[in-house]
Amino acid sequence: MNTSFTRAAIAALCMAIIVASPAVRAATGERVSFPSMDIDPQTGMPLTLSGLFFTPDPSAGGFPAVVALHGCDGMYSTLASRSGKLSARHQAMADLLVAEGYAVLFPDSFNPRGRREVCTQPAREQTITQANRRLDVLGALDYLRSRSDIATHRVALLGWSHGGSAVLAVMNARQPVVAWYLSQLNDPSDFFLTAVAFYPGCFASLNSRDGYAPAAPLSVFIGESDDWTSAKPCVALGEAIQAQRLPLQVRTYPDTYHGFDTPGLARPRHLDMPNGVRPGQGVTIAPNAAARADAYARMKAQLRAALMP
């Protein structure tokens, strides 16, 4: 089902959340490595991924966990002063989730394959595909399930943009690799219990030759004015899945562009990127505090309902 919110409604919710929300401390991540289910073409062995792992308390355990997937610009900041650290959006999400009591794993799908980003590559030239990222995510899930400090039956998935598309790719129970992975699990709760995608590209999932069926409850948050990843295929996917009475919710926001939850972005920016709704004409990113507040409140509620006892 597609649900669109009026500007007045989400603005009121935004103010309520800002007033009620306590300050969040910056979380510090541990550098980790683990095998993807993808194969390194140079060695014929599983590709070794790097990542950052955050925990509410390194001396404790039993934490529910979230795997968080970066977008096409990669997971790290481009600022020289933050070299090797998460981008502002990713750090803000790590801080929020750790404060909520979750461990968080950010797997890096790009640097281990020799790329920092793929935003500037035309889609037809990109060699890091959603098939690669799907295998990375399954490897990340296996890694979390191997850790003694994780409640392995309480893991969720979220991602932004390119990473949001990866969320959709992983959560399709009809996709053959995912279907095989699910068949190997002793318990369905060993898979992701819920998932959230922020402004993903939905065209591939809408037109999947295998069809689409969410393996667990899945939410999509996207702006109606998004000219990088159009909301229209997401709305169509949501309507098709809702018609089958399967758990996929699509929420759209009026007058809202790509990257609406980007911290520190004061005004809209036009980016000269090769992809988007109108290839060759660039794309727009723009903040929308009200949409961010609404989407994050719903995300938090969704995670709590699925992961917290």
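A short tour of the structure in this document, coming up. (Residues numbered from 1 in each chain as written. Predicted model: local features only at pLDDT ≥ 70, side-chain atom pairs only at ≥ 80, totals over all residues. Heavy atoms only, no water.)

This paragraph deals with the overall build of the protein. Along the backbone of the protein there are 8 helices and 11 strands. Its C-alpha atoms give the protein a radius of gyration of 18 Å, near enough to 19 Å, the size a compact globule of 309 residues would have. Each principal axis of the C-alpha distribution contributes one length, and for the protein these read about 50 × 45 × 45 Å. Here the protein holds 309 residues, and 53% of them are scored as buried. Long-range pairs, those at least 24 residues apart, make up 76% of the contacts in the protein with a sequence separation of at least 6. For the protein, the centre of its 27 positive side-chain charges and the centre of its 24 negative side-chain charges are spaced 4 Å apart. (Helix = DSSP H or I, 4+ residues; strand = E, 2+ residues; numbered from the N terminus. Rg over C-alpha atoms; globule rule 2.2 N^0.38 Å. Buried < 20%, exposed > 50% of the residue type's maximum accessible area, 1.4 Å probe, protein only. Contact = heavy atoms within 4.5 Å. Lys, Arg positive; Asp, Glu negative; His and termini not counted. Charge placed at Lys NZ, Arg CZ, Asp CG, Glu CD.)

Looking now at the side chain of Gln126. Mapping Gln126 onto the fold places it in the loop between strand E5 (103-108) and helix H3 (130-146). The exposure class assigned to Gln126 is buried, which follows from its relative accessible area of 19%.

What the rule picks out here adds up to 2 disulfides. Here Cys72 is linked by a disulfide to Cys119, with a sulfur-sulfur distance of 1.9 Å. Sign of the S-S torsion, about 90° for the bond between Cys72 and Cys119, identifies this disulfide as right-handed. Of this pair, Cys72 sits in the loop between strand E4 (63-69) and helix H2 (88-99) while Cys119 sits in the loop between E5 and H3, and the two are 47 residues apart along the sequence. (Disulfide = S-S within 2.5 Å.)

Within the largest apolar cluster, 76 residues are counted, with the highest numbers of intra-cluster contacts made by Leu97, Leu157, Met171, Phe191, Phe192 and Phe198. Setting aside residues up to four positions removed in sequence, Phe198 forms contacts with Met93, Gly159, Trp160, Ser161, Gly164, Phe221, Phe260, Ala295, Tyr296 and Met299. In terms of nonpolar packing, the next biggest core, distinct from the first, is built from 11 residues, Cys119, Ile128, Leu265 and Val283 among them. (Core = buried A, V, L, I, M, F, W, Y, C linked by side-chain atoms within 4.5 Å.)

Attention now moves to unusual backbone geometry. Residue Tyr199 is not a glycine yet carries a positive backbone phi of 35°. Checked against the element boundaries, Tyr199 lands in the loop between strand E7 (194-198) and helix H6 (203-206). In this structure, Arg245 takes a positive phi of about 60° despite not being glycine.

Our focus in this paragraph is the environment of Ala286. Note that Ala286 resides in the loop between strand E11 (283-285) and helix H8 (289-307). A relative accessible area of 5% places Ala286 in the buried class. As a C-alpha pair, Ala286 and Ala305 span 19 residues in sequence and 30 Å in three-dimensional space.

Time to look at the pairing of E5. Buried residues dominate E5, accounting for 6 of its 6 residues. In E5, alternate side chains face the same way, and those of Ala103, Leu105 and Pro107 on one face and Val104, Phe106 and Asp108 on the other are all buried. Where strand E3 (residues 46-54) and E5 come together, 5 bridges link them in antiparallel fashion. By the bridge assignment, Phe54 is partnered in E5 with Val104. Two elements, E4 and E5, share 3 bridges in a ladder whose sense is parallel. Each residue of the ladder has a partner; that of Val66, found in E5, is Val104. Crossover E4 to E5 through H2 is right-handed. (Pairing = 2+ DSSP bridges. Right-handed = clockwise from strand over helix to strand, strands pointing away.)

Counted at 1.5 Å a residue, the expected span for helix H7 (residues 231-243) with its 13 residues is 18 Å, and the 18 Å between its end C-alpha atoms agrees. Where H7 is concerned, the buried positions are Ala231, Pro233, Cys234, Val235, Leu237, Gly238 and Ile241. Downstream of H7 by one or two residues, Arg245 has phi in the positive range, about 60°. (Expected span 1.5 Å × (residues − 1).)

By secondary structure assignment, the location of Asp149 is in the loop between H3 and strand E6 (150-160). Look at Asp149 and you get buried, because its relative accessible area is 13%. With residues near it in sequence (within four places) discarded, Asp149 still touches Phe53, Ala60, Gly61, Gly62 and Phe63.

As enumerated under the stated definition, the model contains 10 salt bridges in all. Between Asp38 and Arg113 there is a salt bridge, and its shortest N-O distance comes to 2.8 Å. Taken together, the residues Asp38 in strand E2 (residues 30-39) and Arg113 in the loop between E5 and H3 connect sequence positions 75 residues apart. Of the residues examined, Asp38 reaches a relative accessible area of 12% and is grouped as buried. Note on Arg113: relative accessible area 22%, which makes it partly exposed. What you see here is one network of salt bridges that share partners, running through Asp38, Arg113 and Asp136. (Salt bridge = Lys/Arg side-chain N within 4 Å of Asp/Glu carboxyl O.)

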